[in-house]
Amino acid sequence: MKPADFCTAAEAALAPLGSAERRIPMQAYMKGRFAFLGVQTPQRRAATMPLIRALGAPEAAWLLDAAAALWQRPEREYQYVAVDLLARHHRQLRLAHAPALLALARDKAWWDSVDGLAGVVGDVLRAARRDNPAAQDLMDAALLHEDFWLRRIAMLHQLGWRGDTDVARLFDYARHLAPEPEFFIRKAIGWALRDYARHDAAAVRDFVAQMGAALSPLSRREAMKHIG
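Note that the structure is a prediction, hence the values are computed from the model and not measured.

Draft legend 1. Examining the nonpolar core more closely. Ranked by internal contacts, the top residues of the largest apolar core, which has 76 residues, are Leu86, Leu93, Met139, Ile153, Met155 and Leu193. Ignoring sequence-local partners within four residues, the contact set of Met139 consists of Leu102, Val121, Leu125, Ile153, Ala154, His157 and Tyr173.

Draft legend 2. The arrangement of the packing of helix 7 (residues 111-128) against helix 9 (residues 148-156) in detail. Two elements in contact, helix 7 and helix 9, have axes separated by 9 Å at closest approach and are oriented at 45°. The orientation of helix 7 relative to helix 9 falls into the category oblique. For the pair helix 7 and helix 9, the crossing hand works out as right-handed. Here helix 7 contributes Trp111, Val114, Asp115, Ala118 and Val121 to the contact with helix 9, which in turn contributes Trp149, Arg152, Ile153 and Leu156. Split into classes, the residues belonging to the contact of helix 7 with helix 9 amount to 7 nonpolar, no polar and 2 charged.

Draft legend 3. Representation of the side chain of Asp147 in the model. Within the secondary structure, Asp147 is located in the loop between helix 8 (137-143) and helix 9. A polar atom in the side chain of Asp147 sits 2.8 Å from the side chain of Arg106.

Draft legend 4. Looking closely at helix 9. Most of helix 9 sits inside the fold, with 8 of its 9 residues counted as buried. Within helix 9, burial applies to Trp149, Leu150, Arg151, Arg152, Ile153, Ala154, Met155 and Leu156. Summarising the contacts, the buried residues of helix 9 are in contact with helix 6 (98-106), helix 7, helix 8, helix 10 (167-177) and helix 11 (183-197). The residue sitting at the N-terminus of helix 9 and contributing the capping side-chain oxygen is Asp147; that oxygen lies 2.9 Å from the backbone nitrogen of Trp149.

Cut-offs and rules
Residues numbered from 1 in each chain as written. Predicted model: local features only at pLDDT ≥ 70, side-chain atom pairs only at ≥ 80, totals over all residues. Heavy atoms only, no water. Core = buried A, V, L, I, M, F, W, Y, C linked by side-chain atoms within 4.5 Å. Buried < 20%, exposed > 50% of the residue type's maximum accessible area, 1.4 Å probe, protein only. Contact = heavy atoms within 4.5 Å. Axes fitted to C-alpha atoms, helices over the stretch in contact; angles between N-to-C directions. Helix = DSSP H or I, 4+ residues; strand = E, 2+ residues; numbered from the N terminus. Parallel < 35°, antiparallel > 145°, perpendicular 65-115°, else oblique. Left-handed = near helix turned anticlockwise from the far one by under 90°. Nonpolar A, V, L, I, M, F, W, Y, C, P; charged D, E, K, R; others polar. Polar contact = N/O pair within 3.5 Å; in protein donor to acceptor, adjacent residues only side chain to side chain.

None of this, on its own, says anything about what the molecule does.
Have a look at this one:
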């Protein structure tokens with residue numbers, strides 16, 4: 001199956017499920033930034049995951065081409081399908097493909113697509129790091145990028161890593177980004193710290209205490225949400 005054929009199949013599966021009644025609140029939730037078919041997540045995945053699973057083990061180039069084609073569809077659900085596709089088959093991707101994922105994240109960027117791709121980037125880097133300890137250097141560059149969405153990905157890419165987390169990097173990134181006023185950066189700092197606190201609450205508690213007022217109230221509140 002060609003990438004274009006997969007996109008056509010995804011459209012055929014989703015378009016009949018669209019709902020004008022659901023479309024309006026979905027577009028409003030995204031502040032009118034994107035058009036929607038009006039297909040909610042459970043419906044979308046029920047309709048498209050069989051197509052994604054049926055692909056077997058597609059080559060990385062195929063995955064990236066299909067994701068890019070889906071990204072060009074005007075309705076937001078197709079970007080969600082692209083993220084589901086990449087997440088499902090992330091083991092086919094390598095460190096060399098991470099820049100293409102970051103480029104995709106910058107297109108039609110908003111928290112929903114950026115956070116989904118942050119998870120894919122994280123999966124790719126976590127696997128790459130086993131053979132290449134310098135794999136995460138890519139995130140060091142993203143941390144300094146002018147686009148705050150890439151800085152958010154740098155902050156979030158270790159979500160779920162638990163014992164594999166590069167703790168020094170996690171705290172260094174939080175420290176570096178802490179002065180930023182951008183809501184999505186401050187939220188990301190707190191989210192990343194809260195996630196790691198599930199593995200080592202004491203380390204996060206100590207870091208938050210050391211940062212003091214240098215950490216925004218939002219970041220602090222999110223970080224300490226489950227550890228008091």
